[in-house]
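Each chain, letter by letter, is given below.
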Amino acid sequence: QVQLVESGGGLVQAGGSRRLSCAASGRIFNINYMAWYRQAPGKQRALVASITGGGITNYADSVKGRFTISRDNAKNTMYLQMNSLKPEDTAVYYCAAVNTPLIYWGQGTQVTVSS
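These numbers come from a predicted model, not from an experiment. (Residues numbered from 1 in each chain as written. Predicted model: local features only at pLDDT ≥ 70, side-chain atom pairs only at ≥ 80, totals over all residues. Heavy atoms only, no water.)

A short note on the overall build of the protein
The helix and strand tally for the protein stands at zero helices and eleven strands. For the protein, the succession of helices and strands along the chain, N to C, is β-β-β-β-β-β-β-β-β-β-β. Relative to the globule expectation of 13 Å for 115 residues, the C-alpha radius of gyration of the protein, 13 Å, shows essentially globular dimensions. Counting over 115 residues, the protein shows a buried share of 41%. Of the contacts formed within the protein by residues at least 6 apart in sequence, a portion of 52% connects residues at least 24 apart. Averaging the coordinates of the 11 positive side-chain charges in the protein and doing the same for the 5 negative ones gives two points 3 Å apart. (Helix = DSSP H or I, 4+ residues; strand = E, 2+ residues; numbered from the N terminus. Rg over C-alpha atoms; globule rule 2.2 N^0.38 Å. Buried < 20%, exposed > 50% of the residue type's maximum accessible area, 1.4 Å probe, protein only. Contact = heavy atoms within 4.5 Å. Lys, Arg positive; Asp, Glu negative; His and termini not counted. Charge placed at Lys NZ, Arg CZ, Asp CG, Glu CD.)

Some thoughts on the layout of surface pockets
There is about 150 Å³ of room inside the largest pocket. Lining the largest pocket are Arg38, Ala40, Lys43, Gln44, Ala46, Leu47, Val48, Ala60, Ser62, Val63 and Glu88. Here the element with the most residues in the lining of the largest pocket is strand β5 (residues 46-52); it accounts for three residues. Of the residues belonging to the lining of the largest pocket, the class tally is six nonpolar, two polar and three charged. (1 Å grid on protein atoms, 1.4 Å probe; cavity = no way out; pocket = protein on both sides within 12 Å on 5 of 7 lines; lining within 4 Å. Points joined across faces, edges and corners; volume = space filled by probe spheres on them. Nonpolar A, V, L, I, M, F, W, Y, C, P; charged D, E, K, R; others polar.)

Focus on the state of the cysteines
Counted according to the given criterion, the structure contains one disulfide. Across the disulfide from Cys22 sits Cys95; the S-S distance is 1.9 Å. Sign of the S-S torsion, about -75° for the bond between Cys22 and Cys95, identifies this disulfide as left-handed. In this pair, Cys22 sits in strand β3 (residues 18-26) while Cys95 sits in strand β9 (residues 91-99), placing the two residues 73 residues apart along the sequence. In terms of burial, Cys22 and Cys95 fall into one category: buried. (Disulfide = S-S within 2.5 Å.)

A few points about the packing of aromatic side chains
If you walk through the whole model with that rule in mind, you get one aromatic pair. Ring plane angle 65° and centroid distance 5.0 Å describe the contact between Tyr37 and Trp105, whose orientation is recorded as edge-to-face. In this pair, Tyr37 sits in strand β4 (residues 33-39) while Trp105 sits in strand β10 (residues 102-105), placing the two residues 68 residues apart along the sequence. The class of Trp105 is partly exposed, set by a relative accessible area of 35%. Against the face of Tyr94 rests Arg45, its NZ or CZ located 3.7 Å from the ring centre. Above the plane of the ring of Trp105 lies Arg45, whose end atom (NZ or CZ) is 4.8 Å from the centre. (Phe/Tyr/Trp six-rings, centres within 6.5 Å; stacked < 30°, edge-to-face > 60°. Lys NZ or Arg CZ within 6 Å of the ring centre and 35° of its normal.)

Quick look at the structure:
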C-alpha cells in the first residue's frame with residue numbers, strides 16, 4: 001500500500017506562485033511514475049504533469065511554461081511549482097502514484113486563484 005499526503009494548497013492572486021508537495025510512504029519502492037491531476041469546478045479530472053523515476057516529464061498544454069514538476073527521491077516527495085497562476089488554474093489538485101498495476105491517489109488539495 002502507498003499513502004500520499006499533499007500540502008501547499010490555498011488562495012493565491014492571479015500572477016502569483018505556489019508550490020504543491022506530495023509525500024509518499026508505504027510500499028513505494030516500485031513506484032516509477034508520479035503525476036499531478038486537477039479537477040476544476042464543472043470539469044473532468046485532467047492530467048497536469050507527470051514525472052518518471054528517471055526524471056522524464058510531461059505537461060498538459062495549458063500549463064507548459066508555467067508549471068514545473070519535480071521529485072526528490074531521497075525524501076520520497078514530488079513537487080509542483082506553479083508560476084504565473086491564472087483564475088482558470090483554480091481546481092482541486094490530486095497527487096497520483098503508479099505501482100503497476102495499481103494507482104494511488106492523494107486526498108486532493110484546493111488551489112484557488114483570485115482575479
